[in-house]
Protein chains: 2
Amino acid sequence: MELLTVGTVAFDDITTPFGRAEKVVGGAGLYSAIAASYFTGPVNLVSIIGGDWPKEELNALEERGIDTDGIEVVEDGKSFFWAGKYHDDMNGRDTLATELNVLADFNPVLPEHFKDSKYVLLGNLTPEVQAKVLDQMEDTTLVVLDTMNFWMDVALDALKKVIARVDVITINDEEARQLSGEYSLVKAAEKILTMGPKYLIIKKGEHGALLFGEGQMFFAPALPLAEVKDPTGAGDSFAGGFLGYIAKTGDISFDNMKRAIIHGSAMASFCVEDFSIERVKGLSDLEINERLETFKKLSHYEL
Amino acid sequence: MELLTVGTVAFDDITTPFGRAEKVVGGAGLYSAIAASYFTGPVNLVSIIGGDWPKEELNALEERGIDTDGIEVVEDGKSFFWAGKYHDDMNGRDTLATELNVLADFNPVLPEHFKDSKYVLLGNLTPEVQAKVLDQMEDTTLVVLDTMNFWMDVALDALKKVIARVDVITINDEEARQLSGEYSLVKAAEKILTMGPKYLIIKKGEHGALLFGEGQMFFAPALPLAEVKDPTGAGDSFAGGFLGYIAKTGDISFDNMKRAIIHGSAMASFCVEDFSIERVKGLSDLEINERLETFKKLSHYEL
């Protein structure tokens, strides 16, 4: 089934204890679309780029079943740019530069053939832009919203309005605490699920992810890795893999969401193994299936 | 099968955002013995207390199948005392007071009938005391060592000597990093498993626990709870439940260790629901089995 994802397509400058990647392609829209494309197609990508974003990368997206008709190209503009440096422990990071560039005027207008996408991922953008995309959708089956603490700080009312319109919200543990005012994640989930969404996914980075909904709770571990080269894009790869699997199966039951979270976690585990999209762009089905088996071995047992 | 545990039997003064418990019974030996006693018996407890430790609590231990013959009572001495205050997030804590009292002169001499215990838990004590207990054991099946960063700071050589003699070591993630000099827990585990133990359990508190050994890796989540009243003793309840289940089953395969870790996690999840031993001292088999089922639902899925 058709999946639509909206998010940044950008340049990143990333420094980690393992090295540096200068002006590499990145962005939530890019990572999520690539991850989803392993499971479903077409993946309708909505974004905005400058004339500086490489045309061959756009072609590469088309070749993998990602429809780029929804990417507005501002030929005389510059793409969104983010520079960051990860701490030695790879958990914390400092933002060194954020240049909005063409993103400052992003007013997404969906191509007609995008509007009947059933599965929608609203990547981390201003709540107004997320709402504008939703306004153009016809009859969705599942809408997933990703957001962050920044929007809770500066645009809480607008954020709450869009939260009320979606089915699934994905945030990290600190954001869940901020949004709910509750420290316990169980209590935070109870509160957030009264705000509109039927499901809440709390991402805990290297500590895994929690799914709440239908009075149930599910925990998926992150895969402990010997080497994490670059955490950038892990959350977006997670979201793309999650929704891509749901779109593939067309099943939005809690049990299938569990499987979807494992698929998302698998994509995130690949993402962090190399800089930029290097690792996630060229996976084989065999690699993905082996990774899924590794996840199953990691947490399964018989009582 | 007989299980021996050595660790403090003490008084705690605990302040958390939910309240305060003054001069309540506590200590690693106490928590681990109680947790283990649900699965196996007799549980041979080795410790030292002052004349101030309540006799009725000793009787209560005996009634639940904990043999207290190995608890030295210094009638004119005072029991070990710890006072701590947990931060609002319940993860961090400040130690307000540590009074060693009779623990300062702890020189464990095992009763004859303790020496053939097959399953041994060396609770967090000086490495010298842990070694002294091991010296008195006859033919063990599985020895588990718990320790902490303090001993890595002040007695690393002695600690390494005792680590080399045990089968399983349980430490937290920061301690695993300190002991190995590796940030990645996968690499840390590889290094620590060259120091002697066949298995390593890395406790991550609210983020669960990892088991490494035999070239395999297993992750057990902690149970997300609406309310954590007092985290004191959770790690000790975990260790006691873990080894108690292994002693009950007499099976030290990796697959059974997975089950044991879930049993340990279940006991830890009860422990934090109330102050001191209030919750863990009176569990029914039904409650424990239901909790185990809750754990299974939390992490299981079909691919």
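Look up: the structure comes first, before these words.
A brief report on the enclosed structure follows. (Residues numbered from 1 in each chain as written. Chains lettered and ligands numbered in written order. Predicted model: local features only at pLDDT ≥ 70, side-chain atom pairs only at ≥ 80, totals over all residues.)

Quick word on the packing of helix 9 (residues 254-271) of chain B against helix 10 (residues 285-299) of chain B
All names here are of chain B.
Reasoning step 1: One can describe the packing of helix 9 onto helix 10 by two numbers: an axis separation of 10 Å at closest approach and a directional angle of 110 degrees. In terms of orientation, helix 9 lies roughly perpendicular with respect to helix 10. Helix 9 and helix 10 meet at a crossing whose hand is right-handed. Residue-level inspection shows Ile 262, Ser 265, Ala 266, Ser 269 and Phe 270 of helix 9 in contact with helix 10, the latter providing Ile 288, Arg 291, Leu 292 and Phe 295.
Reasoning step 2: When grouped by side-chain class, the residues that make up the contact of helix 9 with helix 10 number six nonpolar, two polar and one charged. (Axes fitted to C-alpha atoms, helices over the stretch in contact; angles between N-to-C directions. Helix = DSSP H or I, 4+ residues; strand = E, 2+ residues; numbered from the N terminus. Parallel < 35°, antiparallel > 145°, perpendicular 65-115°, else oblique. Left-handed = near helix turned anticlockwise from the far one by under 90°. Contact = placed C-beta atoms within 7 Å. Nonpolar A, V, L, I, M, F, W, Y, C, P; charged D, E, K, R; others polar.)

Thoughts on the sheet that holds strand 2 (residues 10-16) of chain A
All names here are of chain A.
Reasoning step 1: Ordered in space as 3-2-6-7, the four strands form an open sheet in which the pairing is mixed. Each edge of the open sheet is held by one strand with a lone partner, namely strand 3 (19-26) and strand 7 (93-99). On average, adjacent strands in this sheet sit at an angle of 15 degrees to one another, irrespective of strand direction.
Reasoning step 2: Direction of pairing for strand 2 relative to strand 3: antiparallel, over a ladder of six bridges. Bridge assignment links Ala 10 to a residue of strand 3, and that residue is Gly 26. (Pairing = 2+ DSSP bridges.)

Thoughts on the pairing of strand 5 (residues 66-74) of chain B
All names here are of chain B.
Reasoning step 1: Pairing analysis gives seven bridges linking strand 4 (residues 43-50) to strand 5, with the strands arranged parallel. Bridge pairing in strand 5 places Gly 50 opposite Val 74.
Reasoning step 2: Each parallel crossover has a hand, and for strand 4 linked through helix 2 (residues 55-63) to strand 5 it is right-handed. (Right-handed = clockwise from strand over helix to strand, strands pointing away.)

Some thoughts on the interface of chain B and chain A
Reasoning step 1: Between chain B and chain A, the contact holds 27 residues from the first and 27 residues from the second.
Reasoning step 2: Elements represented by at least two residues in the side of chain B that touches chain A include exactly helix 7 (185-192), strand 13 (216-220), helix 9 and helix 10 of chain B.
Reasoning step 3: Considering every element that reaches the side of chain B that touches chain A, the biggest residue donor is helix 10 of chain B, with four residues.
Reasoning step 4: Of the residues belonging to the side of chain B that touches chain A, the class tally is 16 nonpolar, four polar and seven charged.

Note that every value here comes from positions in space, so none of it alone points to a role or purpose.
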